[in-house]
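These are the residues of each chain, in order.
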Amino acid sequence: MNKKPIDAVWKLAGRSLTKDLDLTVAEVSHLLELALEVKRDPAAFARALGGRYLALLFEKPSLRTRVTFELSIKQLGGDSILSVGPVADREPVKDVARNLDRWTNGIVARTFQQETLDELARWSTVPVINALSNLYHPCQALADVLTLREHLGDLAGRKLAYVGDGNNVAHSLLLTATRLGVSVAAASPPGYEPQAEIVARARETGARVAVTNVPEEAVAGADAVYTDVWASMGQEKQRTERLRAFETYRVTEKLMSVARPGALFMHCLPARRGEEVTDEVIESPQSVIFDQAENRLHVQKALLLMLL
Ligand code: CP
Ligand code: NVA
């Protein structure tokens, strides 16, 4: 890939990323190229956000997202302030948005409800970035497709299997991977499939999208197998019933043997070893989980460069 000078960065000033589809396919491709450039030569971007400040709002716990956003911003020359707790416990979201946009250049928010993010974006004059909601995890999906590209090269015609809960991570993967020509097959227990509307949007890309209740069917011939926890943050009370429902959806060596030989294993982390994935699989040479985690940093830097 050619080295791009920083003035080649596409400027999407003022735009938000509240959901995957806020970026066009061309913008996602540009973001991935830029992320590779930032990864290769971070020093070239060390002053890009000089004098810019972002607010980080976290309603739920985080290791990767919080640390990589704080580092992304600092390594680009900017700074951030962190608020942990409900976005709007003392005043409406629209007032929070109209306070923060007077002081900061952007808002990164992890919320329970997608509506909170949408409302922040609606009222804020500075970009709002989704750091995970109940419906989407777009920054994770961007890191995941970058990881796939690094390991597999051109993604058109590749097959990604997602086994487990049709949750925020599954939704963003479906929307983002299909836009790069990846066919996605998702296997979930009945009642836990990805939302039909999101599956339909993914199908509009023209990529093959299959939804099944049979893990072996989804994994057959896959280039990569992805899973996530069976009970997401906020679903702790459903843990017992979910453990029962997902028992046969664990990614094991046996299930991996149905995929293409050498197929990648992927997980957004944090993982519950022994539940959605066995220790052997997550620790195997096929596992690229820490590449995914590292790439969070690089794609988020690219995103900040474009949106700010
Ligand atoms: N993958 C991910 O978003 O991890 P955190 O919940 O630790 O941020
Ligand atoms: N689906 C998980 C992802 C965590 C990064 C959750 O929402 O808790």
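Definitions and limits used
Residues numbered from 1 in each chain as written. Chains lettered and ligands numbered in written order. Predicted model: local features only at pLDDT ≥ 70, side-chain atom pairs only at ≥ 80, totals over all residues. Heavy atoms only, no water. Helix = DSSP H or I, 4+ residues; strand = E, 2+ residues; numbered from the N terminus. Contact = heavy atoms within 4.5 Å. Core = buried A, V, L, I, M, F, W, Y, C linked by side-chain atoms within 4.5 Å. Buried < 20%, exposed > 50% of the residue type's maximum accessible area, 1.4 Å probe, protein only. Near = heavy atom within 4 Å. Polar contact = N/O pair within 3.5 Å; in protein donor to acceptor, adjacent residues only side chain to side chain. Areas by Shrake-Rupley, 256 points an atom, 1.4 Å probe, with all protein chains shown as cover. 1 Å grid on protein atoms, 1.4 Å probe; cavity = no way out; pocket = protein on both sides within 12 Å on 5 of 7 lines; lining within 4 Å. Sits in = over half its atoms within 2 Å of the grid points. Nonpolar A, V, L, I, M, F, W, Y, C, P; charged D, E, K, R; others polar. Axes fitted to C-alpha atoms, helices over the stretch in contact; angles between N-to-C directions. Parallel < 35°, antiparallel > 145°, perpendicular 65-115°, else oblique. Points joined across faces, edges and corners; volume = space filled by probe spheres on them. Pairing = 2+ DSSP bridges.

Engineer: Got a minute to help me understand the environment of I81 in this structure?
Structural biologist: By the secondary structure assignment, I81 is in strand β2 (residues 79–84). Aside from chain neighbours lying at most four places away, what touches I81 is L54, A55 and L56.

Engineer: Quick question: what am I supposed to make of the nonpolar core here?
Structural biologist: When a protein is soluble and globular, its nonpolar side chains tend to lie buried together. Ranked by size, the top nonpolar core spans 58 residues in total, and within it L31, L160 and L304 carry the most contacts. Look past the residues within four positions of L31 in its chain and what remains in contact with it is L23, L142, V299, A302, L303 and M306. Formed by 20 residues, the second largest nonpolar core is a distinct cluster that contains Y192, F246, V251 and A263.

Engineer: Hey, could you run me through the site of ligand 2 in this one?
Structural biologist: Taken together, L132, N167, N168, V169, D228, V229, S232, M233 and L269 make up all the residues around ligand 2. At 2.8 Å, a side-chain N or O of N168 approaches an oxygen atom of ligand 2. In this structure, a nitrogen atom belonging to ligand 2 sits 2.6 Å away from a side-chain N or O atom of D228. Considered on its own, ligand 2 offers 270 Å² of accessible surface; in the complex 95% of this is hidden by protein. Because more than half of its atoms lie within 2 Å of the grid, ligand 2 is assigned to the largest pocket. For the shell around ligand 2, the residue count by class is five nonpolar, three polar and one charged.

Engineer: Please clarify how the site of ligand 1 should be interpreted in this entry.
Structural biologist: Close contacts around ligand 1 come from S62, L63, R64, T65, R110, H137, Q140, C268, L269 and R296, and that covers them all. Within the side chain of R110, one N or O atom sits 2.9 Å away from an oxygen atom of ligand 1. One nitrogen or oxygen atom from the side chain of Q140 is found 3.0 Å from a nitrogen atom belonging to ligand 1. Summarising the interface, the protein chains cover 96% of the accessible area of ligand 1, which totals 250 Å² for the free molecule. Mapping ligand 1 onto the cavity grids shows that it belongs to the largest pocket.

Engineer: Could you clarify how one ought to interpret the packing of helix α1 (residues 25–40) against helix α5 (residues 138–152) in this entry?
Structural biologist: Helix-helix packing is characterised by the crossing angle of the two axes and by the distance between the axes. Two elements in contact, α1 and α5, have axes separated by 11 Å at closest approach and are oriented at 70°. Judged by the inter-axis angle, α1 sits roughly perpendicular to α5. Residue-level contacts link V28, L31, L32, E33, A35, L36 and K39 of α1 to L142, V145, L146, R149 and E150 of α5. Looking at side-chain class alone, the contact of α1 with α5 contains eight nonpolar, no polar and four charged residues.

Engineer: Whenever I open this one, the layout of surface pockets confuses me. Can you help?
Structural biologist: The gaps of empty space that remain are located by a probe, the size of a water molecule, rolled over the atoms. Empty space within the largest pocket amounts to approximately 470 Å³. Lining the largest pocket we find 27 residues, and of these V229, S232, M233, L269 and P270 sit closest to its centre. For the lining of the largest pocket, the secondary-structure elements that each account for two or more residues are α2 (64–75) and α6 (168–179). For the lining of the largest pocket, a count of residues per class yields 12 nonpolar, six polar and nine charged.

Engineer: How should the sheet that holds strand β1 (residues 53–58) be read in this particular structure?
Structural biologist: Across a sheet, paired strands are connected by hydrogen bonds in the backbone, their directions being either parallel or antiparallel. The sheet built from four strands is open, its strands ordered β2-β1-β3-β4 with parallel pairing. The open sheet is flanked by β2 and β4 (128–130), the only strands paired with a single partner. Each strand of the sheet is rotated relative to its neighbour by a mean of 20°, with strand direction disregarded. In the sheet, β1 pairs with strand β3 (residues 106–110) via five bridges, with the strands oriented parallel. Its bridge partner lying in β3, L54 is registered against G106. Taken strand by strand, helix α4 (residues 114–123) contacts β1, β3 and β4, and its axis lies near 160° from that of β4.

Treat this as a map of the structure, not an account of what it does.
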